[in-house]
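# Summary of the model geometry
Here are the chains, one letter per residue:
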Amino acid sequence: MDDLLPADTTPAPEYVLELYITGATPNSTRAVRNLKDICERYLAGRYELLIIDIYQQPELAQQAQIIAAPTLVKKRPGLIRWLVGDLSDRPRVLRLLGLEA
């Protein structure tokens, strides 16, 4: 009898998002709040969000070629897309995510 580990039955998140911020600045704080609200309202249970402070992890920002913050990077689904700003323009964020209202 083989000792097989059970397969991970947790489905992969449909949306993979990275938000690059600069500490606790007003724009970064607004971007986090706006994005979390959008994700919980439109993507509940279907997303993975990684928030990266470029002051604490500059190498990640450099690897992702981030030149301004806050910047949202949609890694999945579909093509990789970037959006710079505090994410207060909800229709624009929804278009980027393919969730046009």
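In short, a report on the structure. Because the structure is a prediction, the values reported are computed rather than measured.

## Describing the environment of Val-73
Among the structural elements, Val-73 can be located in strand E3 (residues 71-76). For Val-73 and Val-84, which are 11 residues apart along the polypeptide, the C-alpha to C-alpha distance reads 8.9 Å. Once you skip the residues sitting within four places of it in the chain, Val-73 turns out to touch Val-16, Leu-17, Glu-18, Tyr-20, Ile-66, Ile-80, Arg-81 and Trp-82.

## With respect to the packing of helix H1 (residues 26-42) against helix H3 (residues 90-97)
Taken N-terminus to C-terminus, the directions of H1 and H3 make an angle of 60 degrees; their axes are 11 Å apart at the nearest point. Accordingly, the angle class assigned to the pair H1 and H3 is oblique. Every pair of crossing elements has a handedness; the one defined by H1 and H3 is right-handed. Residues Asn-34, Asp-37, Ile-38, Arg-41 and Tyr-42 of H1 lie in contact with H3, whose contacting residues are Arg-90, Val-93, Leu-94 and Leu-97.

## Here's the deal with H1
With 17 residues, H1 should cover 24 Å at 1.5 Å per step; its first-to-last C-alpha distance of 24 Å lies within 8% of that length. Within H1, the full set of buried residues consists of Ser-28, Ala-31, Val-32, Asn-34, Leu-35, Ile-38 and Cys-39. Next to the buried residues of H1 lie strand E1 (15-21), strand E2 (47-53), E3 and H3.

## Observations concerning the sheet that holds E2
Taken in spatial order, the four strands make up an open sheet running E2-E1-E3-E4, and their pairing is mixed. Two strands bound the open sheet, and with one partner strand each, they are E2 and strand E4 (81-84). Taking each pair of neighbouring strands and ignoring which way they run, the sheet shows an average axis angle of 20 degrees. Alignment of E1 against E2, held across seven bridges, turns out to be parallel. Counterpart to Ile-21 in the pairing with E2 is Asp-53. Lying over the sheet, H1 contacts E1, E2 and E3, oriented at roughly 165 degrees with respect to E1.

What counts and what doesn't
Residues numbered from 1 in each chain as written. Predicted model: local features only at pLDDT ≥ 70, side-chain atom pairs only at ≥ 80, totals over all residues. Heavy atoms only, no water. Helix = DSSP H or I, 4+ residues; strand = E, 2+ residues; numbered from the N terminus. Contact = heavy atoms within 4.5 Å. Axes fitted to C-alpha atoms, helices over the stretch in contact; angles between N-to-C directions. Parallel < 35°, antiparallel > 145°, perpendicular 65-115°, else oblique. Left-handed = near helix turned anticlockwise from the far one by under 90°. Expected span 1.5 Å × (residues − 1). Buried < 20%, exposed > 50% of the residue type's maximum accessible area, 1.4 Å probe, protein only. Pairing = 2+ DSSP bridges.

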